[in-house]
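Residue-level listing of the chains:
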Amino acid sequence: MSSDALALHGWSMLTAATVSASCALVGTLLVVRRMSLLGDAIAHAVLPGIVVGVLAGGRLGGPLVLAGAVVAALMTVGLTRGLRAAVGLAEDAGSGVVFTTLFAAGVVTVSLFASRIDLDPECVLFGILELAAFDLVSVGGVEVPRALLTATAVLVIVAGGLAATWQLQISTAFDQEAAAAAGIPVAVVTTGLLSLTAVATVAGFEAVGAVLVVAMLVVPAATAELLVHRMHQVALVAVAVAVAAAGLGWLAAWRWNTSAAGMIAVVLGGFYATAVVLAPADGLLARLVAKLALDWRVAREDWLARIWRAGEQAGAAGASVVRPRPRTGLERAAAVWLRLTGRVERSAGRVRLSKDGAREAELVVRSHRLWETWLGRHADLPADHLHPPAEWVEHHLGAAMRERIEAELTAGEADPHGREIPPEAGRPDGPPPVV
Amino acid sequence: MTLATFGQPALIAMAGLGLTYNTLVVLGGVAAVGCGAGVVGSLTLLRKRPLVGDAAAHATLVGVAGAFLATGRRDLPTLLAGAAVSAVAGLLVLVLLRRFTRTREDAATAIVIGVSFGLGLALLGGITARGIPGGGGLERFLLGQTAALTARDAALLAVISLLTIVIVTAVLKELLLVAFDPAFAAATGWPVGLLDAGLMALIAVMVVIGLPAAGAVLVTALVVIPPVAARQWTDRAGSMLVLAGLFGLTAAVAGVAVSSLRSGLATGPLVVLAAAAICLASVVIAPRRGWLARRLRSRIRGGDDQP
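Rules behind the numbers
Residues numbered from 1 in each chain as written. Chains lettered and ligands numbered in written order. Predicted model: local features only at pLDDT ≥ 70, side-chain atom pairs only at ≥ 80, totals over all residues. Heavy atoms only, no water. Helix = DSSP H or I, 4+ residues; strand = E, 2+ residues; numbered from the N terminus. Rg over C-alpha atoms; globule rule 2.2 N^0.38 Å. Buried < 20%, exposed > 50% of the residue type's maximum accessible area, 1.4 Å probe, protein only. Contact = heavy atoms within 4.5 Å. Areas by Shrake-Rupley, 256 points an atom, 1.4 Å probe, with all protein chains shown as cover. Lys, Arg positive; Asp, Glu negative; His and termini not counted. Charge placed at Lys NZ, Arg CZ, Asp CG, Glu CD. Phe/Tyr/Trp six-rings, centres within 6.5 Å; stacked < 30°, edge-to-face > 60°. Lys NZ or Arg CZ within 6 Å of the ring centre and 35° of its normal. Pairing = 2+ DSSP bridges. Salt bridge = Lys/Arg side-chain N within 4 Å of Asp/Glu carboxyl O. Patch = residues over 30% accessible without salt bridge, like charges linked within 9 Å, V, L, I, M, F, W, Y side chains within 5 Å. Core = buried A, V, L, I, M, F, W, Y, C linked by side-chain atoms within 4.5 Å. Buried area = accessible area lost by both parts, 1.4 Å probe. Nonpolar A, V, L, I, M, F, W, Y, C, P; charged D, E, K, R; others polar.

Engineer: Looking at this structure, how should I read the overall build of chain B?
Structural biologist: On a plain count of helices and strands, chain B comes out with 13 helices and zero strands. Element order for chain B, N to C, with α for helix and β for strand: α-α-α-α-α-α-α-α-α-α-α-α-α. For chain B, whose C-alpha radius of gyration is 21 Å, the value lies close to the compact-globule estimate of 19 Å for 307 residues. C-alpha atoms of chain B, sized along the principal axes, occupy 65 × 60 × 35 Å. Buried positions account for 55% of the 307 residues belonging to chain B. Taking contacts inside chain B between residues at least 6 apart in sequence as the whole, the part at least 24 apart equals 71%. In the form shown here, chain B has an accessible surface area of approximately 13,000 Å², with 70% of it arising from carbon and sulfur atoms. Each charge class in chain B can be summarised by its mean position, and for the 23 positive and 12 negative side chains these summaries are 3 Å apart.

Engineer: Explain unusual backbone geometry here, please?
Structural biologist: Leaving glycine out, the prevailing phi sign among residues is negative, and the prevailing peptide bond configuration is trans. Notably, Asn257 of chain A is not glycine yet its phi reads approximately 55°, a positive angle. With respect to the helices and strands, Asn257 of chain A occurs in the loop between α10 (231-256) and α11 (260-278). Positive phi, normally seen in glycine, also occurs at Lys48 of chain B, with a value near 60°. One can find Lys48 of chain B in the loop between α2 (21-46) and α3 (52-71).

Engineer: Help me understand the packing of aromatic side chains, please; the structure alone is not making it clear to me.
Structural biologist: When we look at a pair of aromatic rings, we describe it by the centre distance and by the angle of the planes. Under the definition given, this model contains two aromatic pairs over all chains. Between Trp371 of chain A and Trp374 of chain A, the ring centres sit 5.3 Å apart and the planes meet at 15°, which makes this aromatic pair stacked. Remark: Trp374 of chain A and Trp371 of chain A occur in helix α14 (residues 355-378); sequence separation between them is three residues, near one turn of the helix. What makes Trp374 of chain A partly exposed here is its relative accessible area of 27%. Cation over ring: Arg99 of chain B sits above Phe100 of chain B, and NZ or CZ is 4.7 Å from the ring centre.

Engineer: Sorry, what's going on with the side chain of Thr100 of chain A here?
Structural biologist: Among the structural elements, Thr100 of chain A can be located in helix α4 (residues 91-112). Look at Thr100 of chain A and you get buried, because its relative accessible area is 1%. Those residues in contact with Thr100 of chain A, other than ones at most four positions away along the chain, are Ser95 of chain A together with Leu218, Ala221, Ile225 and Val272 of chain B.

Engineer: Looking at this model, I keep getting lost on the pairing of strand β1 (residues 136-139) of chain A. Mind explaining?
Structural biologist: Strand residues, when the strand is regular, have side chains that alternate between the two faces of the sheet. Alignment of β1 of chain A against strand β2 (residues 142-145) of chain A, held across four bridges, turns out to be antiparallel. By the bridge assignment for β2 of chain A, Val139 of chain A is matched with Val142 of chain A.

Engineer: Would you mind going over the pattern of salt bridges with me for this structure?
Structural biologist: Two side chains that carry opposite charge are able to pair once their charged atoms sit near each other. Residue and element names in this part refer to chain A. This structure, assessed with the given rule, holds 22 salt bridges over all chains. Two residues, Asp295 and Lys291, come together in a salt bridge whose shortest N-O distance is 2.8 Å. Taken together, the residues Asp295 and Lys291, both in helix α12 (residues 284-317) and four residues apart, mark about one turn of the helix. In this structure Asp295 comes out as partly exposed when scored by relative accessible area, which is 28%. A residue is classified by how much of its surface remains accessible, and Lys291, at 48% relative accessible area, is partly exposed. One continuous salt-bridge network, built from bridges that share partners, spans Arg366, Arg402, Glu406 and Glu424.

Engineer: What is the right way to look at a nonpolar patch on the surface in this model?
Structural biologist: On the surface, Val277, Leu278, Leu284, Leu285, Leu288, Val289 and Leu292 of chain A together with Leu92, Leu96 and Phe100 of chain B cluster together into a nonpolar patch covering about 890 Å² of accessible area. Counting only elements with at least two residues in the nonpolar patch, the list comes to α11 and α12 of chain A together with α4 (76-100) of chain B. In terms of residue count, α12 of chain A provides more of the nonpolar patch than any other element does, five residues in total. Counting through the fold element by element, Leu284 of chain A comes out in helix α12. You can call Leu284 of chain A partly exposed: its relative accessible area is 32%.

Engineer: What's the story with the nonpolar core in this structure? I'm lost.
Structural biologist: In globular proteins that are soluble, nonpolar side chains generally tend to be buried together. If you look at the biggest cluster of nonpolar residues, it comprises 192 residues, and the most contacted ones within it are Ile50, Phe103, Leu119 and Val158 of chain A together with Phe117, Leu142 and Leu143 of chain B. It is helix α10 (residues 192-231) of chain B that contributes the most residues to this core, 26 residues altogether. When near neighbours in sequence (up to four residues on either side) are disregarded, Leu119 of chain A contacts Ile50, Val51, Val54, Leu60, Val110 and Ala114 of chain A. Membership of the second largest hydrophobic core comes to 14 residues, among which are Trp308, Leu338, Ala361 and Val364 of chain A.

Engineer: Explanation requested: the interface of chain B and chain A in the structure shown.
Structural biologist: It is common to give the size of an interface as the accessible area lost on bringing the parts into contact. Counting from both sides, the interface comprises 52 residues of chain B and, opposite them, 55 residues of chain A. For the pair chain B and chain A, the two sides together bury roughly 4,400 Å², of which 72% comes from carbon and sulfur. Linking chain B with chain A are two salt bridges. For Arg104 of chain B, the salt bridge goes to Glu225 of chain A, with nearest N and O atoms at 2.9 Å. In terms of residues, the side of chain B that touches chain A owes the most to one element, helix α5 (residues 105-129) of chain B, which gives 16 residues. The class makeup of the residues in the side of chain B that touches chain A is 32 nonpolar, 10 polar and 10 charged.

Engineer: Quick question: what am I supposed to make of the environment of Val283 of chain B here?
Structural biologist: Within the secondary structure, Val283 of chain B sits in helix α12 (residues 267-285). Assessed through its relative accessible area of 7%, Val283 of chain B is described here as buried. In the structure, Val283 of chain B is positioned 174 residues away from Thr109 of chain B in sequence and 28 Å away in space, judged by C-alpha atoms. With near-sequence residues (within four places) excluded, Val283 of chain B lies in contact with Leu83 and Val87 of chain A together with Gln232, Gly290 and Trp291 of chain B.

Engineer: Explain the environment of Met401 of chain A here, please?
Structural biologist: By the secondary structure assignment, Met401 of chain A is in helix α16 (residues 399-408). Sequence spacing of Met401 of chain A and Leu370 of chain A is 31 residues, and the spatial spacing of their C-alpha atoms is 9.7 Å.

Honestly, that's just the spatial picture; any functional story needs more than this.
Next comes the structure, spelled out in C-alpha cells:
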C-alpha cells in the first residue's frame, strides 16, 4: 500500500472509530433503559433536522446541523408522547408513525433540493465515510479530514456530558421512581441523554447513514452486556468493541471492495454473535457446559446412591434384592465411569461400593433423608410427596445446610419413612453389604 | 373485445392525463398491496406488536441481493422470493435471541435491523463495485421505485395481496381472539403460538410485497400508519380492518401517482407522507377518539377526556 493510500485508510478508519465510540457510549444507556428502538427512531428522525440545518446554510457537522438534529430528535419523542396524550396511542406504535414520517419528509426534501445541497438519498443511506479523507482541513500544519474533527468534537461532547452526569444517568436508568424520590430531575436527565443521542447520531449518520446508526448504537452495548455486568465496565467494553469493529469493518470493506458502513455493521454483528456463544458466564457454550456438568454430577451421585440404598435393603432383607440398573444413557455412562475410577467394584456378577464410593453415596442419601425430614416437619406435605423434591435437593445441599437441619433433630431420629439418616462422618460399620 | 370497446373512451381520457395502461396496472397492484398491508398491520397493532415487521423489512435486503447473486436474475418474483427467505430468517434470529440470550427484546430487534441491513448494504455495495450487469437497479428496493414495475409484476403483487386478505378473513375470529386476550385463547385451547407464527408470516409476506412500493427502510410505515389512522374512527375490529385497508390503498395510490409526476423521486417516502397525512387528519378530526372531539368533551364535562 502506498503511503497516500495508507493515510487515506488511516484517516477514514480513525473517523469511523471515533464516531463508533460516541454511539457506543450513549448506546450503553439506551440499551439498559430499554430505549434501543427509540435510538433507531431518533437515527431516522434526525434526517429532516439535518436537511433543514443544511438548507439554512449550515454545513454537515456544523453547529447549525447539530442543533437541527437535536431539535428533530426531541421532536420525535415529543410527538410520540403527544400522540399518546392526545389519542392514547401506545408509544411503540406512535414512534413507528413519527419516525417513518419524519424520515420520509427528510428524503423527499433531500430529493427536491438535491441540486442545492451536498446531500443525496444515497448518502443518507450509505453515509459518506469513503469520502471523508478527501475533505481535508489544516490543523496546526497537518491535513486532517473535516469529518474527523467533527467526530472528535462530538466524542468530546458525548463523553464529557455522560462523564459529568454518569451517576445521575445510572440512577435514572435503573429505578426512575427511586431517582425521582431522591430529588434527581429525571426528565432533565432523560432529555440530556436524548440530546446526546441526537448529537452522536448526527456524527454516525454522516459516517454510515441513517439505518446503520442503530447498529452502532445498540450492538456494542448489547455485546458488552453479555461480557461484563457493572455499568462503567459495560460502557468501556462497548467502546472497545465499537472501535475494533470500525477498524476491522473498514479493512474488510477495502479488502472485498464494498460498503464500509455495511461491513462495520456486519463485523459488529459478528462480535455480538461471538459473545452470544462464547461469553464466559452468559454464553451459550458456558451455559451448555455448566448444564452438562451438573447433569453428569447428578447422574454419578444418583447411581452411587441407588447402589447404596439397594445394599441397605439387602442388609435388612437378606440377600434377595433386585440389583439396580442405569435408567438413562447418562447414568449408564456414569456407571461405567464410576467402575473405571474404582468407586464401584464388581466381581462375580456382584456390585459393591468402595470406601470412597460409599462415603459419597452416604452424603447424598443423608442430604436426601435430611431434606425429607425437614419438609415433613415444616412443609405440611403428605409423606408420599416428600421424595420428589428431595430427589433434586439432595444434589445441592451443602455440609453447612445439613448441619443446620440436623441441629433440629433428636439424636438417632429416622427419616419420615423410618429409615436411618447416615451420619455426616460416615457409618461406623463401613460400606453397606454387597448387592 | 368488449373491454377494449368499452374502455376506449377511458383509454383516450387516460392518455390525456398522461396515464398509460402500464401505469394503471401498476397503480392497481400497489393499491392491492396498500390495502393488504393495512389489513394485516391492523392485526399486529391490535396484538400490540406494531414494529414486528420492521426487523423483517430491513432483513429483506440481504435476500434481494442474495437472490440476484445466486441466480443472476433480476426479475421481481426471484428477488422477492429471496427477500421472503431472508425476512423469515431475520424473524427467526429474533425469536432465537429472545429465547436463548439475556439481550432485551428491543435491543435484539435493533440488532437484527442494524446488522441485517448492514449485510444487505455490503452485498449491494459489492455488486455495484464489481459492476455486475443488472445489479445497478437493486437500489430501488431501498426506498421503493414503482417505475420499473411491469404489468405482470403488478398483477403478481395484487394476487398475493388478495390471497393474504382472504387468509386473514378466513381466520379473523381466531387472530382477533389471540390479539385481544392471548391468555384466554390459550386457556380455551387455541394454538396461540401457531396463530402468532401465522401472523408473523403474514406480516413478512406483506413487508416483502410492499418493497417495490415503499422500500426496505420505509415499508414498516405501510403496516403501521394506516391501522393507527383507522383505529381513531372506530372501536370495532372489523370496521378498523376495512378502514385500514382503504387508508393503505389510498396512501399507496396517492404516493405512486405523485411520484410519477416527477422522475427521480423514490415512491416510498411519498407513500409514507400520504399515509401520514391521512393519519394526522384522523388523529385530529375523528369523532369520539379524535383530539378535537376530546377537547370539546373535556370543555363540556370539565376535565374528563376519556372516550
